[in-house]
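One letter stands for each residue in the lines below.
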Amino acid sequence: MPFFGELFVSEIIKKPVLDPKGDVYPSVLHNHIMGNLAEDSFEDMWTSQQADEARDKASQDPMPYWLGCMLRKALLDHKYQIGFWALKHKLTKIKL
């Protein structure tokens, strides 16, 4: 991985992301759950073994990230609904 990619990943995992269910992720680019704020206090979640493991996994991710998108998490969580919606709307426009 290029140096810039390593530097970028090490910096981005310092900016956690909170989803609507209370799950906390190391960044918008990583799908490793650190904990849940609906179940634990921020301090307990942030210093937990699960959070440390999520940060470790994210920092070892071999992909160099150049930019991210808040949409990624929603797409991963709702891939089937989005896929069916796209298929339905695409099929209605196809003329046989």
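Before reading on, note that the structure itself is shown above.
Numbers given for residues are sequential positions, taken from 1 along each chain in its written order. The model is predicted, so local features are restricted to residues of pLDDT at least 70 and side-chain atom pairs to those at 80 or more, both for listing and for counting; the totals for chains, interfaces and linings are taken over all residues. Note that water and hydrogens are dropped before the side-chain values are worked out from all heavy atoms of the structure.

Structural notes on the pattern of salt bridges
By definition here, a salt bridge exists when the distance from a side-chain nitrogen of Lys or Arg to a carboxyl oxygen of Asp or Glu is within 4 Å. Scanning the entire structure with this criterion turns up one salt bridge. Here aspartate 52 makes a salt bridge to arginine 55, at a shortest N to O gap of 2.7 Å. Of the two residues, aspartate 52 and arginine 55 are both situated in helix H3 (residues 49-59); the distance of three residues between them amounts to about one turn of the helix. Each residue's exposure class comes from its accessible area (1.4 Å probe, protein chains only) as a fraction of the maximum for that residue type: buried when under 20%, exposed when over 50%, partly exposed otherwise. On the basis of relative accessible area, aspartate 52 is assigned to the partly exposed category, the value being 37%. A relative accessible area of 17% places arginine 55 in the buried class. Numbered from the N terminus, helices here are DSSP runs of H or I no shorter than four residues, and strands are runs of E no shorter than two.

Overview of H3
Turning to H3, its buried residues number three or more, namely Ala51, Ala54, Arg55 and Ala58. Down the axis of H3, the sector holding all buried residues measures 95°, keeping them to one side. Arc, as used here, means the arc of the directions from the helix axis to the C-beta atoms.

Focus on the packing of aromatic side chains
For this analysis, a ring pair means two rings from Phe, Tyr or Trp (six-membered ring only for Trp) whose centres lie within 6.5 Å, classed as stacked if their planes differ by under 30 degrees, edge-to-face if by over 60, and tilted for the remaining angles. According to the stated counting rule, one finds one aromatic pair in the structure shown. Considering the side-chain rings of phenylalanine 42 and tryptophan 46, the 5.4 Å spacing of their centres and the 15° angle between planes classify their relative orientation as stacked. Of this pair, phenylalanine 42 and tryptophan 46 both sit in helix H2 (residues 42-46), separated by four residues, roughly a single helical turn. In this scheme, Lys NZ or Arg CZ marks a charge over a ring once it lies within 6 Å of the ring centre and within 35 degrees of the ring normal. Sitting above the plane of the tryptophan 46 ring, arginine 55 keeps its charged end 4.7 Å from the centroid.

Regarding a negative patch on the surface
Taken together, the side chains of Glu39, Asp40, Glu43 and Asp44 present a region of like negative charge at the surface. If you trace the backbone, glutamate 43 turns up in helix H2. Without a salt bridge and with relative accessible area above 30%, a residue can belong to a patch; like charges are then joined within 9 Å and nonpolar side chains (Val, Leu, Ile, Met, Phe, Trp, Tyr) within 5 Å. Every accessible area reported is derived by Shrake-Rupley at a probe size of 1.4 Å, with residue values counting cover from the shown protein chains alone. Positive charges come from Lys and Arg, negative ones from Asp and Glu, while His and the chain ends are left out of the count. For the purpose of locating charges, the reference atoms are NZ of Lys, CZ of Arg, CG of Asp and CD of Glu.

The values are spatial; any link to function lies outside them.
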